[in-house]
Amino acid sequence: MDIKIRAIAACLLWGSAFAGAKIGFQYAEPIFLSGMRFTLAGLLLLPLIRMQRIDIRANLKHWRFMLLFAFVQTFLQYGLFFMGLNKVPGATSAVIIGAGPLFVTIMAHLTLKNDKLTWRKMIAIGLGIAGVVFISLAKGSLMSNDPTFYTGVILLLLSNMIGSYTNIMVVKKKSYNISPIVLTSFANFTGGIMLLITASIVEKPELKIYPTEFYIALLWLAFIPAAGFSLWYGLLQRPEVKVSELNIWKFLIPVTGSVLSWILLPDESPDITTIIGILIITVALLLLQLPKRFFANKIR
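The structure presented is a predicted model; accordingly, all values stated were derived computationally and were not measured. (Residues numbered from 1 in each chain as written. Predicted model: local features only at pLDDT ≥ 70, side-chain atom pairs only at ≥ 80, totals over all residues. Heavy atoms only, no water.)

Broken down by element type, the protein chain carries 16 helices and 0 strands. Residue burial in the protein chain is summarised as follows: out of 300 residues, 53% are buried. Across the protein chain, contacts joining residues at least 24 apart in sequence account for 89% of those joining residues at least 6 apart. As presented, the protein chain carries roughly 14,000 Å² of accessible surface, and 68% of it is formed by carbon and sulfur atoms. (Helix = DSSP H or I, 4+ residues; strand = E, 2+ residues; numbered from the N terminus. Buried < 20%, exposed > 50% of the residue type's maximum accessible area, 1.4 Å probe, protein only. Contact = heavy atoms within 4.5 Å. Areas by Shrake-Rupley, 256 points an atom, 1.4 Å probe, with all protein chains shown as cover.)

Let us look at the packing of aromatic side chains. Across all of its chains, the model carries 17 aromatic pairs by this definition. Geometrically, the ring pair formed by Phe 71 and Phe 75 is stacked, given 5.3 Å between the ring centres and 20 degrees between the ring planes. Residue Phe 71 and its partner Phe 75 are located together in helix H6 (residues 63-85), separated by 4 residues, close to a single helical turn. Judged by relative accessible area, which is 35%, Phe 71 ranks as partly exposed. (Phe/Tyr/Trp six-rings, centres within 6.5 Å; stacked < 30°, edge-to-face > 60°.)

The next point concerns a nonpolar patch on the surface. A surface patch of nonpolar side chains, amounting to about 620 Å² of accessible area, comprises Leu 43, Leu 46, Phe 189, Ile 193, Ile 197, Ile 201 and Val 202. No other element matches helix H11 (residues 180-202), which puts 5 residues into the nonpolar patch. Tracing the chain through its elements places Val 202 in helix H11. Take Val 202: its relative accessible area is 57%, and that puts it in the exposed class. (Patch = residues over 30% accessible without salt bridge, like charges linked within 9 Å, V, L, I, M, F, W, Y side chains within 5 Å. Salt bridge = Lys/Arg side-chain N within 4 Å of Asp/Glu carboxyl O.)

Two measures define how a pair of helices packs: the angle their axes make with one another and the distance between the axes. Across the interface, helix H1 (residues 3-15) lies against helix H14 (residues 252-264) with an axial gap of 7 Å and an inter-helix angle of 40 degrees. Here H1 lies oblique to H14, going by the angle between them. Here H1 runs over H14; the crossing is right-handed. Along the contact surface, H1 presents Ile 8, Cys 11, Leu 12, Trp 14 and Gly 15, while H14 presents Leu 252, Ile 253, Thr 256, Gly 257 and Leu 260. Considering only residue class, the contact of H1 with H14 consists of 7 nonpolar, 3 polar and no charged. (Axes fitted to C-alpha atoms, helices over the stretch in contact; angles between N-to-C directions. Parallel < 35°, antiparallel > 145°, perpendicular 65-115°, else oblique. Left-handed = near helix turned anticlockwise from the far one by under 90°. Nonpolar A, V, L, I, M, F, W, Y, C, P; charged D, E, K, R; others polar.)

Before going further, it helps to spend a moment on the nonpolar core. Among the nonpolar cores identified, the biggest contains 72 residues, and Leu 33 and Trp 232 are the most heavily contacted of them. At 12 residues, the largest contribution of residues to this core is made by helix H12 (residues 212-236). With residues near it in sequence (within four places) discarded, Trp 232 still touches Ala 7, Ala 10, Cys 11, Trp 14, Asn 167, Leu 246, Asn 247 and Lys 250. Counting residues in hydrophobic clusters, the runner-up holds 5 residues, among them Ile 125, Ile 248, Phe 251 and Ile 281. (Core = buried A, V, L, I, M, F, W, Y, C linked by side-chain atoms within 4.5 Å.)

Should their charged atoms come close, side chains of opposite charge can pair. Enumeration over the complete set of coordinates arrives at 1 salt bridge. In this structure, Glu 240 engages Arg 238 in a salt bridge whose closest nitrogen and oxygen atoms are separated by 3.9 Å. Take Glu 240: its relative accessible area is 52%, and that puts it in the exposed class.

So, about the side chain of Gln 77. Take Gln 77: it is sitting in helix H6. Using a relative accessible area of 10% as the deciding quantity, one classes Gln 77 as buried.

Rendered as structure tokens:
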């Protein structure tokens, strides 16, 4: 499958998580919901690992890295993500998470020798982040009477930064040749257990029978990281893929997340600020697809 198609598929999946999580929050606390989601996501990949006859023992030789990755990627990144999402509207959260490519590109520039900033990246990222800032400030002014809004924004931005670092972690460990499916399953399941333990201490959830709507949302939320991260980590391990350029596709996440939130959530609807922000982000993605020679000619 073409790199762009894989990247787009992963981003479209992640964009659908915002509406699913908002449905889940009606019945469960954020950390508990996140723990259930990732524990189930890890289990969903086990049949695929068996079908592909992946050598699990060979992959588990790197269990220390995989355990650290589970802590950083699933426990920290998505624990913060779900807590922030619980305080911010789904469409707005999707756009804030859309700032991810900025952090990835800066980290890649500072830590990877073959992935430096270019004019094309800087222009695309500058436009993308402008769309994110525009929507965050506009929405924040409308919700100034809700002090938890900005707390949620900060939690989502912290999640973004940590998520950017996990991309660098995968790239730096290419030599380990860890199967992306095994890494995803291990990180999801182990990190999910960490989240469930934390939820039992912090949120003290009550075990009960939930409505059908909750289980549908939970199954979809579990499928998203199982499929999305398997695709993404496979791309990051390819030698021809640059982490900063790949992550600019994540500007698709706010577009998908906003539209699906408007469709699926009864208390959210299209607004002019989010639409303008999405248009700015779309221009950023289109600029990214221009030939490199276009920028070289303009800079001379």
